[in-house]
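Residue-level listing of the chains:
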Amino acid sequence: MPGLLDHSSPRALRRLLPLAALAASVTLSACASSPLGRSQLTLYSDQELEKMGEASFSKYQQELPVVEGRQDAYVSCVADAVTAKVPASYGISEWQVKVFEDDSANAFALPGGYIGVNTGLLEVAENQDQLATVIGHEIAHVLARHANERVSTQSLTSAGLSLTQALAGLEGTGGDQLMGLLGMGAEYGVLKPFSRSHESEADLLGLDLMAEAGFDPRASIKLWANMNASGGAQPPVWMSTHPSDEQRMTALNERLETALPTYQQARAAGEKPNCDRLR
């Protein structure tokens, strides 16, 4: 009887074809690079990601109350100042900004130009500079196409695990248990570290962006100290989708060497946002 990977077996050849297609897809997609020069896997078009962003933002608005008035004006003031520094080459002519009634200290930005800030974040970000730290970070995720990388990696990982199961003939209880272990390995060995690299990259890019808009990048250190104080116990870094707050503050401190002169130049050029007056 031919072996599982015997090339003379039509069944084996049929199983290997998807693997070849998968490898070709990865090869063709690996040429993309992030703004900091890191290789990226991007399997989706910008148009597809923009549709995903629009759908997600619409769903969020259906699930949570939208806040208007002073908080909305304040957040929009900060967001408008930061987004004004996004190069036109990214193709986002207008950013939609919403404040949502939610106690979690969270914010997000989505492909296509959508920004959401939870009211809980306004309790942690004490001033406009700290809020700009978070908004700049979230916008950086969009500019660096992290959402594309994220969904591409998840799609490819899922396809890869299914292919591994088919090629290895893993069936029954034993096969399910092994696939469960492979899934855990993929999560902690690929998906979560990938997400940590996104977060670290967005921290640095966001710091540059807020500095260009005239917000003090030194406030980023205090912001993450506040987040650390309000966040409670954290999981080990290798099990987390985010770097530890201590790691973030160390990296941001190092980045201040270039971000602080950028901020000073922006202020000298007249970039002086005054959003705190709207609080």
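The structure we're discussing is the one just above.
Residues numbered from 1 in each chain as written. Predicted model: local features only at pLDDT ≥ 70, side-chain atom pairs only at ≥ 80, totals over all residues. Heavy atoms only, no water.

Enquirer: Hey, could you go over the packing of aromatic side chains for me, with residue numbers and the actual values?
Expert: One pass over the full model with this rule turns up six aromatic pairs. Ring geometry for Phe57 and Phe100: centres 6.2 Å apart, planes at 85°, overall edge-to-face. Note that Phe57 is positioned in helix 2 (residues 46–63) and Phe100 in strand 4 (residues 96–100), a separation of 43 residues in sequence. In this structure, Phe57 and Phe100 share a single accessibility class: buried. Taken together, a centroid distance of 4.8 Å and an interplanar angle of 85° make the contact between Tyr60 and Phe100 edge-to-face. Separated by 40 residues along the polypeptide, Tyr60 in helix 2 and Phe100 in strand 4 bring together distant segments of the chain. Joined through ring pairs, the aromatic side chains of Phe57, Tyr60, Phe100, Phe108 and Tyr114 make up one cluster. (Phe/Tyr/Trp six-rings, centres within 6.5 Å; stacked < 30°, edge-to-face > 60°. Helix = DSSP H or I, 4+ residues; strand = E, 2+ residues; numbered from the N terminus. Buried < 20%, exposed > 50% of the residue type's maximum accessible area, 1.4 Å probe, protein only.)

Enquirer: I'd love a proper account of the pairing of strand 6 (residues 114–118), names of residues and values included.
Expert: Of all the five residues making up strand 6, five are buried; the element is thus mostly covered by neighbouring parts of the structure. A two-sided burial pattern is seen for strand 6, the buried positions comprising Tyr114, Gly116 and Asn118 on one face and Ile115 and Val117 on the other. In the sheet, strand 4 pairs with strand 6 via five bridges, with the strands oriented parallel. Paired with Phe100 across the two strands is Asn118, which belongs to strand 6. In terms of strand pairing, strand 5 (residues 107–110) meets strand 6 through four bridges, oriented antiparallel. Bridged to Ala109 within strand 6 is Ile115. (Pairing = 2+ DSSP bridges.)

Enquirer: Describe in detail the side chain of Asn226, supporting the description with residues and values.
Expert: Residue position: Asn226 is located in helix 8 (residues 219–231). Not counting the four nearest positions on each side in its chain, Asn226 is found in contact with Val124, Glu126 and Gln130. (Contact = heavy atoms within 4.5 Å.)

Enquirer: How would you summarise the state of the cysteines if you had to cite specific residues and measurements?
Expert: Inspection of the entire model under this criterion finds one disulfide. Between Cys77 and Cys275 runs a disulfide, and the two sulfur atoms are separated by 2.1 Å. Between Cys77 and Cys275 the sulfur-sulfur dihedral comes to about -75°; the bridge is accordingly left-handed. Taken together, the positions of Cys77 in helix 3 (residues 70–83) and Cys275 in the segment after helix 9 (245–268) put the pair 198 residues apart, joining distant regions of the chain. (Disulfide = S-S within 2.5 Å.)

Enquirer: Summarise the environment of Ala79; cite the residues concerned and give the values.
Expert: Mapped onto the secondary structure, Ala79 falls in helix 3. Accessibility expressed as a relative area gives 0% for Ala79, which makes it buried. Separated by 57 residues in sequence, Ala79 and Gly136 have C-alpha atoms that sit 8.2 Å apart. Beyond its immediate chain neighbours, meaning those up to four positions away, Ala79 contacts Val97, Ile115 and Ile135.

No statement about biological role is implied by the geometric values presented.
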